[in-house]
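Structural overview for review
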Amino acid sequence: MAEVSAIKGAAQPAKQRTRKKRSLASRLLVAGTILFLTLFVILPVANVFTEALSKGVGAYVETFYVEKPAQNANLSFRERHRIVAKAARAERTWSAIRLSCFVAACVVPLNMIFGLAAAWAIAKFRFRGRVFLLTLIDLPFSISPVIAGMMFVLLFGRTGIFGDWATNLTWPDPTSIAWQGFEGHWWPFAFTRSESGIMFTPLAIILATIFVTFPFVARSVIPLMEAQGSEEEIAALSLGAGGWRTFRTVTLANIKWALLYGAILCTARTFGEFGAVSVVSGHIDSNDTMPLRIEKLWDAYDMQAAFSVATLLSGLAVLTLIVKSVVEWKTGHTRAPEPRELELKSDEHRSAGDQQVLRLLPGTQGREP
Amino acid sequence: MFRSKIAVIGLVVAAAALAVGPARQARSGQDVTLLNVSYDPTRELYSAINDLFTEAYKAKTGVNVTVEQSHGGSSKQARAVIDGLQADVVTLGVGSDILAIEKAGLIKPGWQDRFPDNASPYTSTVAFLVRKGNPKHIKDWKDLLRSDVQVIVANPKTSGAARWSFLALWGATAGAKTYDLSTPEGLAASIAAGKAAKDFPAYKNAAALAAVTELYKHVPVLDTGSRGATVTFAQKGIGDVLLNWENELYLAQDEFGGDKFDIVYPSTSILGEPPVAIVDSVVDKKKTRAVAQAYLDFLYSKAAQDVIGQWHYRPRDIETLKKYSAELPPLKLFTVDETFGGWARAQKTFFADGGIFDQIYKPTN
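Definitions and cut-offs
Residues numbered from 1 in each chain as written. Chains lettered and ligands numbered in written order. Predicted model: local features only at pLDDT ≥ 70, side-chain atom pairs only at ≥ 80, totals over all residues. Helix = DSSP H or I, 4+ residues; strand = E, 2+ residues; numbered from the N terminus. Rg over C-alpha atoms; globule rule 2.2 N^0.38 Å. Buried ≥ 20, exposed ≤ 12 C-beta atoms within 10 Å, placed from the backbone. Contact = placed C-beta atoms within 7 Å. Arc of directions from axis to C-beta. Domains from an automatic or database assignment. Nonpolar A, V, L, I, M, F, W, Y, C, P; charged D, E, K, R; others polar. pLDDT = per-residue confidence, 0-100. Pairing = 2+ DSSP bridges. Axes fitted to C-alpha atoms, helices over the stretch in contact; angles between N-to-C directions. Parallel < 35°, antiparallel > 145°, perpendicular 65-115°, else oblique. Left-handed = near helix turned anticlockwise from the far one by under 90°. Core = buried A, V, L, I, M, F, W, Y, C linked by C-beta atoms within 7 Å. Right-handed = clockwise from strand over helix to strand, strands pointing away.

Here the focus is the overall build of chain B. Regarding its fold elements, chain B presents 17 helices and 14 strands. Against the compact-globule benchmark of 21 Å for 365 residues, chain B has a radius of gyration of 22 Å, which places it among compact chains. Projecting the C-alpha coordinates of chain B onto the three principal axes gives extents of approximately 75 × 50 × 40 Å. Buried positions account for 51% of the 365 residues belonging to chain B. Long-range pairs, those at least 24 residues apart, make up 75% of the contacts in chain B with a sequence separation of at least 6.

Encoded structure:
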């Protein structure tokens, strides 16, 4: 006891000294960080909102919604055109928002499937070329998005490798889906328009975005899968669970939060992607996603409208941050686990695995649906 | 776990519903969509003309036409058409870009003669935009070469306006023969001279070569398109003078206010003839030739010519040009055909890889 207090007594002043030293250094560090964040994050984001509202709330709303002009004979053609153009501007902005959402709705689920498949193959199996595959998954991170877009032009453009096939391909435009009723059909929807070709259509935008955002899901799932190993799956399989059931109740259950985390990052990037999409969009108005729309408004000297659309992307970024924090809080661990922790964790998992084993025991199996 | 799965599925479905929900209206067989692939500065012009055309065509034939627009650097746009962008018509900044599409086999030769006036429904020229009050006293081409003047111009490799600017400086320095194109006689004489021209001494002019070499030493940024160059000069405040299309200079004044900039016309400049053409391979496939023809014909109508004047391009129709003569003063202009023997030859000599521009341009930093 005396020994302990002696040690404590010796340790105390030393601890205080280091705390004092640290507090000065840390204060400087904190001040530096805050200054940096203010300069490079807070000010630019605040600027987006002030510019968007620089002409008042009315002008902000007009970016998204304009009342159709009354037929006023007194207006000159140029004045009338200005009003009509404003309505067209709002319509195009909505079309860009719709296309962005549509692209995300296609890209994110697909990349969740692809990413999960790739992560599963890499984390759970050892095979020749595994490291090469891992590098390949990272490739989109290291390629400039503009180059990614050009790759698709070289593949599917008129003069590209698959050019002949790709330019003659006809497919129903999914954004033209409309209600046609049940008379004579069992399926009440119909596509009213078809698009031809791949390049310079929404299909090209989806392809390019899939390429650019591919690593997010795989990259967030692989470390967790590798840390967990495949003992649990082996246990489940050895106890007679089928492949699909093992995947559903063991593999997927273990990585669901990491998967969601990857999906969030993927979504954020999908909405923000500019370079690749710009190349494959052909600059056609109906192929504008939100970032492309912002650039066009900016080029048309319409700074306020450009920033108004930018507020949506900023809002989306904030939403992403919130969801991301919730997911991190749910999973509990965001930093890379230390070796000791990992050991503990795998112990935990072993016990979780035991529970799985219990659930899958022949005696209890009959009760499972 | 199931709850979270449901949440994820819910989010996806909501996003899909949002995307599909306000679907475009069902279209009947009477509806046609045209794609007009054009160069940078014309977005506002064609947005206005398209409104007029849609109305006129509907009244005449009952067909609803939607004209989609695509704008960018002239050569970049031509490249996209060659790569398969389904343009029914191209309305580009420079003839050489349409020649490139012709070379790729998408447009039949002879397109220059399929529409009046060298297939360019309006003309323009290259002029200067300077800061208000012209603090650096920039009056003519030679002032751009002074060491205290920073010039903003786009990259001739990707921008039509930049190529016109390059040729304007070259021709003006070489003393090319000019015409007053606001008179029918001047117009006729210029076209006849362009057709008759056999040799082109301007190419060998040493003073012109020295002038362009000097000019690009004073260019701090080479933007890819003319609109980018305007934004660099007007929005970012870089440079003393902007070298660009006349219409682009007026638009900058409209957008930023006349109290910020002055337009300066050099003593002589170039006649810019942005050409239009139907992309034969696309209209044959989409069966839109009739509408495409009507659309480009419409550009020569009185109504469209008037809009062209309102948006500061020079109408071909001489009466309409006179109506806007206060803004678009008569100038002494020389033609590419007479001075340089047409765009194919000028493109090859000046702007092709390894051409004169590549030899003289060295990035300043």
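Time to look at helix α8 (residues 231-238) of chain A. Residue and element names in this part refer to chain A. Looking at α8, one finds that the buried residues are E232, E233 and A236. Down the axis, α8 shows its buried residues gathered within 100° of arc, on one side only. Of the residues in α8, the exposed ones pointing more than 90 degrees away from the buried face are E231 and S238. Phi for G240, located one or two positions after α8, is positive at around 100°.

Residue and element names in this part refer to chain B. Domain boundaries in chain B define domain 1 (31-122 + 274-319) and domain 2 (124-271 + 325-360). Tallying the contact residues gives 23 residues for domain 1 and 23 residues for domain 2. Broken down by element, the side of domain 1 that touches domain 2 gets its largest block of residues, 4 residues, from helix α4 (residues 95-103). A per-class count over the side of domain 1 that touches domain 2 returns 10 nonpolar, 8 polar and 5 charged.

On to the confidence of the model for chain B, then. Residue and element names in this part refer to chain B. Per-residue confidence for chain B gives a mean pLDDT of 88, with 91% of residues at or over 70. Note that pLDDT drops below 50 for residues 17-28; the model gives that stretch 19 contacts with residues more than four away or on any other chain. Interface confidence in the predicted complex, given as ipTM, is 0.76; pTM for the same model is 0.78.

For the rest of this paragraph, the subject is the sheet that holds strand β12 (residues 276-278) of chain B. Residue and element names in this part refer to chain B. Here we have 4 strands laid out as an open sheet, ordered β2-β1-β3-β12, and mixed in their pairing. Among the strands making up the open sheet, the edge pair consists of β2 (64-72) and β12. The average angle at which neighbouring strand axes cross in this sheet is 20°, direction not considered. One ladder, built from 3 bridges, connects strand β1 (residues 31-39) with strand β3 (residues 89-91); its direction is parallel. Bridge pairing in β3 places N36 opposite V89.

The description of two packed helices rests on the angle between their axes and on the distance between the axes. All names here are of chain A. Put simply, helix α5 (residues 145-156) and helix α7 (residues 202-228) touch, their axes get as near as 10 Å, and they point 130° apart. Between α5 and α7, the angle falls in the class oblique. For the pair α5 and α7, the sense of crossing is right-handed. Here P145, A148, G149, F152 and F156 of α5 come into contact with α7, specifically with A204, L207, A208, F211 and V212. Each residue belonging to the contact of α5 with α7 can be placed in one class, and the counts come to 9 nonpolar, 1 polar and no charged.

Below, the discussion takes up the sheet that holds strand β8 (residues 222-223) of chain B. All names here are of chain B. Taken in spatial order, the 5 strands of this open sheet run β8-β6-β9-β5-β10, and their pairing is mixed. A strand with exactly one partner marks an edge of an open sheet, and here the two such strands are β8 and β10 (261-264). As paired strands, strand β6 (residues 151-154) and strand β9 (residues 241-245) are joined by 2 bridges and run parallel to one another. Within β9, the residue paired with I152 across the bridge is L242.

Let's shift gears to the nonpolar core. A general tendency of soluble globular proteins is for nonpolar side chains to be buried together. The biggest cluster of nonpolar side chains holds 172 residues, and the ones touching the most others in it are A:A204, A:A208, A:V280, B:V89 and B:V279. With 18 residues, the single largest contributor to this core is helix α3 (residues 77-124) of chain A. When residues of this core are assigned to domains, at least three map to each of domain 1 (31-122 + 274-319) and domain 2 (124-271 + 325-360) of chain B. Excluding residues that lie within four positions of it along the chain, A:V280 makes contacts with A:G149, A:F152, A:V153, A:M199, A:F200, A:A204, A:I205 and A:A208.

Turning to the environment of A:T213, a few remarks are in order. All names here are of chain A. Its location among the elements puts T213 in helix α7. On a C-alpha basis, the gap between T213 and A263 in space is 9.7 Å, while along the polypeptide they are 50 residues apart. Apart from the residues lying within four places of it in its own chain, the contact partners of T213 are V107, N111, C266, R269 and T270.

The subject of this paragraph is the pairing of β2(B). Residues and elements named next belong to chain B. Two strands pair when backbone bridges link them, and β1 and β2 are joined in this way by 9 bridges, in the parallel orientation. Opposite S38, over in β2, you have H71 as the bridge partner. In this fold, the crossover linking β1 to β2 by way of helix α2 (residues 43-61) has right-handed handedness.

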